[in-house]
Amino acid sequence: MNEKNLYTIPLGMIGLASLVYMFWHLNSLIWVGLPMLLFIVVLDLFPVRLLSGEEYSASVAGFLILLLAYGPTHALIGATLSNIVTHFRAADFQWRRVHGFRILSKQGKYAICLYIADKAMQQIDGLVQSSLNVYVQAAVGALLFSGLYVIMSVVVSNSIGHVPLLSSLRLRLKELIVPVLLCTVIVPHFLKYLSLGYIVYETLYTALFLLLIIFFSHGYIEQVRLRRQGVEEFIRIGELRLSNREGHGRNVGIICEHVLELLNYPKKQRPELINIATLHDIGKMLLPLEVLTKRGALSLSEQHEYESHTIKGAQIVGNITGDRRAAAWIKHHHERFDGKGFPDRLKGNAIPYESRIIYLCNQLEYLIRQYSQNEDVMSHLQRMAGKELDPQLIWRIHAGTIAWLRQYVIHDDPPAPTELASVVRHDPDKPPQQLASITGGTRLLRYGADGKLYGIGLSDVPAGIVSDAEVLAERALLVAESFYEVLAGEGKTYEAYFYPEPDRINVVLTDITPALQYREDLHYNTLSSYRDVIRTLSHSKIDICLQPQEIERELGERLDGMEVRTRGDVSSSRNLVMEHVPEWYRQQYPKKLMSIKLAVSEGVTNLIKHAEQGQIGIYQQANRLQIYITDHGSGIPLHELPKTILVSGYSSKSSLGKGFAVMYMSADRIMLHTSPDGTAILLEFMMAAEETG
C-alpha cells in the first residue's frame, strides 16, 4: 500500500518546512521551556491505554501551554519532540524501524493545527477580557487543535486504507471531549505557576500517577494479549491436521481486526469478535480426518458431517465461555446472504451481523491466498455480493484494503507448479531417492542487526535463497510474528521458519529438495506402472503421459479457448467447442456430435468439481478435433482408472468416476497426465468425412 499520495505528500512538505522554521527561530531563551518539554516526553512515553486498545496522551496540553506562555516556536519544538518520541516508542525504540515519511507527515499535521489554534487563541485574547480568558483560550485551542488533527488523520486513513470517511470521523470527533476537558483544566493551572521548581514537581507527580495506572492495568491488559495469543496457538495446533491451511484462523483474526475498523464496529466489543473469528473453525477438530482431507466431492452423509462443524464449534465455545451470542456467531458463520448456507439456511439480515463479518473475513483470507492480484480478489468479492456475502459489508472493501491485508496474512502455500518443475526434474538415469535421506539438512541461523544471516552451513545455501530469507527475516522483525515460507531457486528448495525474539530473529532453514525429488520419483514410477496396464485395458485408446510435454507435443493449431471457473462455464465450454465443429459433421453425424458434447461437459464438470478452476483449449490437428483441459488441482488417483474401464457404471466420488467413463466411451483417443500439481487431459475426435466401423 502506498502511503505517499495527494494528501500525505503536501503534509510531509509542510512538516519539513515547519522544521526549517523552528530551527531558524531558535534563540538563547529556549531553555526556559525545558521543564514543559520534559513533561511532554513523560506524557508520550506513558500514555493511558484503555481496554479498547486506544491510547490517550495529554501532550496536547503541553503544546498549548508552550504556545500561550512562550510562543509558536516553543510549541513547535514541543510538538516535534512529541512526534519523535511517539514514533520511536511505536518502533520499539529501534531507530532503523522508524518511518521518516510518517514523521514528516505527522509533523505537517501538528504544524497546521498549531498555527490555526494560535490564531484563534489570539483572537479570543482580544475579545474576552475577564478572568475566564485563559480557560476559554485553552478550551478553544484544544478543540481546534484536536478537531483539525482528527479530520486530517481520517482523510489520510481514507486515502491510504479506504477507511470510511464520515462514519469514522463521527466516531473520532466524539472522543474529543477527553482532550478538550483535560486541556481546559490543566493549561490554566500550569500557566499560573511557570516556575522551574513547580513544573518539575508537577512532572514528577504526573509521571508517578501514570506509572501507578499503568502498573495496575498492565496485568489485565497483558491477560487480554495472552488470551489472543493463546487462542491463535490453540487453533493453529488444530489446523496442523490440515497442513495446507495452517495459519487460517490467525489470518482470519487479523483480517477481522482491520475489517472491524472499516465498519466502525464498537471498540469495546472488538477483542471478543476477533477471538471468535480466530476460533471460527474450532468445530472441525471434532470431525473425522477422512472428511477433512478427502479429495473431490463429499457424499451426502459426509457433507452433513462436514456442515456439523459449525454446530460443534458453537457448542465448544458456548461450554467454555458461557456466551450464547459468541456461540451463535460461530454457529451461523457459514450462512449465505441468499439463504443457501448452513446449518439453518438463514437469509439476509436474519443472519447475525457478526456471523456475516466472520464469513466475509473467511472468504477474504481464502481469496488472498488463492489470487496474487488484488483486482482478482475484488472481482470475486463483488460477484459474491448479495449471494454469499452481505453487499453492505463488501462495499467497504477496496483494492487498497486487500493490498494492506496481504502484508500481514501468512502465505504458507507450496510454490507454483512451474516453480516446482524448475526445481525438481526426474532423471531416468539417476536411481530413486531413498526415504532415509529425505532432507538435505537443517540449519539454525540468526538474523543480525546489520540485516544479514549468520550460522554454520550458510555458505552451502544458494545466494538467492539467503537473500530471500534475509528479506523475510526483516518482515518477521517488523510484524513480530512467527511464520513459515517455502524458498526455491538455483535447483534447491528450502522450508524456512522465522521465530522473532526480543533481541533477534531465529531462522530454521531445511533443505527439502531430496523430499521433493523422492515425491517426484515415486509419482513417476506409479505413472509408469499404470501406463502399460491402462494402455492394454483400453486397447491403446488411453495414453497415460509421464510428462505434460508429451501432450503438448501432440497439439495442433490452436483455434480457441477460455478460462473455466464456475458451473456456468460448462455450457459455455460446450458451446465454444460446437462453434468449431464443421457444419457438415453436425448434419451427418448427430450421434457423434452428442458424444462430443457429453465428453466436454463431463471433462469441464470434473475440472470444477476437483480443481475449482482451469482452462479449456480447442485445437485442430489434421482431421482431428482436440479438446485440451488443464487444471492446477491436486491430481487424480490413478488406481481408480482401471475400474472405470473394466466395470460398467463404476463411480467413485474421489476420482473421475462415471465422468471419465463417459469421456472414454465418447472420445476416439485420450491422453492424460496427472500429478499433485495438476491434471491435463486431451480428448481427440476424428472429423473424417466417412464413418469407419
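Undergrad: How would you explain the sheet that holds strand S5 (residues 483-489) if you had to name every residue and give the values?
TA: Taken in spatial order, the 5 strands line up as S4-S3-S7-S6-S5 in an open sheet, and their pairing is antiparallel. Both outer strands of the open sheet, strand S4 (453-454) and S5, are each paired with one neighbouring strand and no more. Bridge count for strand S3 (residues 442-447) against strand S7 (residues 504-511) is 6 bridges, and the pairing is antiparallel. Looking at the pairing, Tyr447 lines up with Ile505 of S7. The sheet strands contacting helix H21 (residues 463-479) are S3, S4, S5, strand S6 (492-501) and S7, and the helix crosses S5 at an angle near 160 degrees.

Undergrad: Describe the packing of helix H2 (residues 34-45) against helix H3 (residues 59-69), with residues and values.
TA: One can describe the packing of H2 onto H3 by two numbers: an axis separation of 8 Å at closest approach and a directional angle of 165 degrees. With respect to H3, the axis of H2 lies roughly antiparallel. Between H2 and H3 lies a crossing of left-handed hand. Here Met36, Leu37, Ile40, Leu43 and Asp44 of H2 come into contact with H3, specifically with Ser59, Gly62, Phe63, Ile65 and Leu66.

Undergrad: With reference to specific residues and values, describe the packing of helix H1 (residues 8-24) against helix H4 (residues 72-90).
TA: The interhelical angle for the contact between H1 and H4, taken along N-to-C directions, is 125 degrees, at an axis separation of 10 Å. When the axes of H1 and H4 are compared, the pair comes out oblique. Crossing angle aside, the handedness with which H1 passes H4 is left-handed. Between H1 and H4, the residues in contact are Ser18, Leu19, Tyr21 and Met22 and Pro72, Thr73, Leu76, Ile77 and Thr80, respectively. Residue composition of the contact of H1 with H4, by class: 6 nonpolar, 3 polar and no charged.

Undergrad: Go over the pattern of salt bridges, please, and point to the residues and values.
TA: Opposite charge on two side chains permits pairing when their charged atoms draw close. In total, this model carries 12 salt bridges according to the counting rule given. Of the charged contacts in the structure, one is a salt bridge between Glu388 and Arg336, with a shortest N-O distance of 3.7 Å. Linking Glu388 in the loop between helix H17 (374-384) and helix H18 (391-394) with Arg336 in the loop between helix H15 (324-331) and helix H16 (353-370), this pair joins segments that are 52 residues apart in sequence. Glu388 gets classed as partly exposed once you look at its relative accessible area, which sits at 21%. Salt-bridge contacts for Arg669 lead to Glu554; the nearest nitrogen and oxygen are separated by 3.5 Å. Residue Arg669 is found in strand S12 (residues 669-675), and its partner Glu554 is found in the loop between helix H23 (548-552) and strand S9 (557-564); the two are separated by 115 residues along the sequence. You can call Arg669 partly exposed: its relative accessible area is 22%.

Undergrad: Give a description of the nonpolar core that names residues and reports values.
TA: By size, the foremost hydrophobic cluster in this structure holds 38 residues, and its most contacted members are Val259, Ile357, Leu364 and Leu381. Those elements giving two or more residues to this core turn out to be helix H10 (248-262), helix H11 (270-278), H15, H16, H17, H18 and helix H19 (399-406). Per element, the largest residue contribution to this core is 8 residues, and it comes from H16. Core analysis: the second largest hydrophobic core is formed by 37 residues, Leu546, Tyr585, Leu625 and Ile670 among them.

Undergrad: Describe the state of the cysteines, naming the residues involved and giving the relevant values.
TA: Among covalent bonds in proteins, the disulfide is the one between the sulfur atoms of two cysteines. Tallied over the full model, the rule gives 0 disulfides. Cysteine Cys361 shares no disulfide, and the gap to the nearest cysteine sulfur, in Cys256, comes to 4.4 Å.

Undergrad: I'd love a proper account of a positive patch on the surface, names of residues and values included.
TA: A cluster of basic residues, Lys340, Arg383, Lys387 and Arg565, forms a positive patch on the protein surface. With respect to the element layout, Lys340 can be found in the loop between H15 and H16. For Lys340, a relative accessible area of 57% puts it in the exposed group.

Undergrad: For the packing of aromatic side chains, give the residues involved together with the corresponding values.
TA: Taken as a whole, this structure holds 9 aromatic pairs when the rule is applied. Consider the rings of Phe63 and Tyr110, whose centres lie 5.5 Å apart with planes at 70 degrees: the pair is edge-to-face. Remark: Tyr110 occurs in helix H5 (residues 100-127) and Phe63 occurs in helix H3; sequence separation between them is 47 residues. The pair Phe63 / Tyr110 is uniform in exposure class, with both members buried. Ring pairing ties together the aromatic residues Phe63, Tyr110, Phe145 and Tyr149, which thus form one cluster. Geometry around Phe101 places Lys4 over its ring, the cationic atom sitting 5.3 Å from the centre.

Undergrad: Which residues make up the environment of Ala488, and what are the values?
TA: In this fold, Ala488 is placed in strand S5. Its relative accessible area of 34% is what places Ala488 among the partly exposed residues. Sequence separation between Ala488 and Thr513 is 25 residues, and the spatial gap between their C-alpha atoms is 9.2 Å.

Undergrad: Please give an account of H1 that cites residues and values.
TA: Helix length check: H1 (17 residues) gives 24 Å between terminal C-alpha atoms against 24 Å at 1.5 Å per residue, within 8%. The set of residues buried in H1 consists of Thr8, Leu11, Gly12, Gly15, Ser18 and Met22. The buried residues of H1 occupy an angular sector of 120 degrees when the element is viewed end-on, so they sit on one face. The exposed residues of H1 that point more than 90 degrees off its buried face are Met13, Val20 and Trp24.

Undergrad: Residues and numbers for the pairing of S7, please.
TA: Within S7, 6 of the 8 residues are buried, leaving the element largely enclosed by the surrounding structure. Both S6 and S7 contribute to a ladder of 8 bridges, which runs antiparallel. Across the sheet, Phe498 pairs through a bridge with Val507, a residue of S7.

Undergrad: Can you tell me about a nonpolar patch on the surface, naming the residues and giving the values?
TA: The grouping of Leu132, Tyr135 and Val136 at the surface amounts to a nonpolar patch, some 240 Å² of accessible area in total. Here Leu132 shows up in the loop between H5 and helix H6 (133-161).

Undergrad: Please give an account of H15 that cites residues and values.
TA: Within H15 the residues assigned to the buried category are Ala326, Ala327, Trp329 and Ile330. The arc that holds the buried residues of H15, viewed along the axis, is 155 degrees, so those residues lie on one side. Turning to H15, the residues buried within the fold contact H11, helix H14 (309-321) and H16. Capping the start of H15 is the job of one residue whose side-chain oxygen sits 3.0 Å from the backbone nitrogen of Arg325: Asp323.

What counts and how
- Residues numbered from 1 in each chain as written.
- Predicted model: local features only at pLDDT ≥ 70, side-chain atom pairs only at ≥ 80, totals over all residues.
- Heavy atoms only, no water.
- Pairing = 2+ DSSP bridges.
- Helix = DSSP H or I, 4+ residues; strand = E, 2+ residues; numbered from the N terminus.
- Contact = heavy atoms within 4.5 Å.
- Axes fitted to C-alpha atoms, helices over the stretch in contact; angles between N-to-C directions.
- Parallel < 35°, antiparallel > 145°, perpendicular 65-115°, else oblique.
- Left-handed = near helix turned anticlockwise from the far one by under 90°.
- Nonpolar A, V, L, I, M, F, W, Y, C, P; charged D, E, K, R; others polar.
- Salt bridge = Lys/Arg side-chain N within 4 Å of Asp/Glu carboxyl O.
- Buried < 20%, exposed > 50% of the residue type's maximum accessible area, 1.4 Å probe, protein only.
- Core = buried A, V, L, I, M, F, W, Y, C linked by side-chain atoms within 4.5 Å.
- Disulfide = S-S within 2.5 Å.
- Patch = residues over 30% accessible without salt bridge, like charges linked within 9 Å, V, L, I, M, F, W, Y side chains within 5 Å.
- Areas by Shrake-Rupley, 256 points an atom, 1.4 Å probe, with all protein chains shown as cover.
- Lys, Arg positive; Asp, Glu negative; His and termini not counted.
- Charge placed at Lys NZ, Arg CZ, Asp CG, Glu CD.
- Phe/Tyr/Trp six-rings, centres within 6.5 Å; stacked < 30°, edge-to-face > 60°.
- Lys NZ or Arg CZ within 6 Å of the ring centre and 35° of its normal.
- Expected span 1.5 Å × (residues − 1).
- Arc of directions from axis to C-beta.
- Polar contact = N/O pair within 3.5 Å; in protein donor to acceptor, adjacent residues only side chain to side chain.

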